[in-house]
Amino acid sequence: SALLGEFGIVSYAQIAAWEPADIERIDAKLGRFSGRITRDKWVEQARMLAAGDEAGFAANFGNNG
């Protein structure tokens, strides 16, 4: 997302490493997308993608990428 890029977030590994405080800090900047990090399980998705687990990602989140 271009919005995340504006915050210096450029890799799945960065999102995968987020702690609750990071989620809160970034979520506060998301405007109309606020709440999506938790609701859409971004950290869980990013951990799978950062680990190269595309099969696990597809099984859990569908293959929409």
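Okay, so let's go over this structure. (Residues numbered from 1 in each chain as written. Predicted model: local features only at pLDDT ≥ 70, side-chain atom pairs only at ≥ 80, totals over all residues. Heavy atoms only, no water.)

## Quick word on the nonpolar core
Thought 1: If you look at the biggest cluster of nonpolar residues, it comprises 10 residues: L4, I9, I15, A16, W18, I26, L30, I37, V43 and A46.
Thought 2: Counting residues per element, the ones that place at least two in this core are helix 2 (12–16) and helix 5 (42–50).
Thought 3: Here W18 is in contact with I9, I23, I26, I37, W42, V43 and R47, once residues within four sequence places are set aside. (Core = buried A, V, L, I, M, F, W, Y, C linked by side-chain atoms within 4.5 Å. Buried < 20%, exposed > 50% of the residue type's maximum accessible area, 1.4 Å probe, protein only. Helix = DSSP H or I, 4+ residues; strand = E, 2+ residues; numbered from the N terminus. Contact = heavy atoms within 4.5 Å.)

## Details of the packing of aromatic side chains
Thought 1: In the structure shown here, the tally under the stated rule is one aromatic pair.
Thought 2: Here the basic side chain of K29 rests over the ring of F7, its NZ or CZ set 5.2 Å away from the ring centre. (Phe/Tyr/Trp six-rings, centres within 6.5 Å; stacked < 30°, edge-to-face > 60°. Lys NZ or Arg CZ within 6 Å of the ring centre and 35° of its normal.)

## Quick word on the pattern of salt bridges
Thought 1: Tallying each qualifying case throughout the model produces two salt bridges.
Thought 2: Residue R25 pairs with D22 through a salt bridge whose shortest N-O separation is 3.4 Å. Of this pair, R25 and D22 both sit in helix 3 (residues 20–27), three residues apart, which is roughly one turn of that helix.
Thought 3: For R25, a relative accessible area of 42% translates into the label partly exposed.
Thought 4: Residue D22 is classed as partly exposed on the basis of its relative accessible area, which comes to 21%.
Thought 5: In this structure, D40 engages R36 in a salt bridge whose closest nitrogen and oxygen atoms are separated by 2.6 Å.
Thought 6: A relative accessible area of 23% places D40 in the partly exposed class.
Thought 7: On the basis of relative accessibility, which here comes to 32%, the residue R36 falls in the partly exposed class. (Salt bridge = Lys/Arg side-chain N within 4 Å of Asp/Glu carboxyl O.)

Function-wise, these values are silent; they only describe arrangement.
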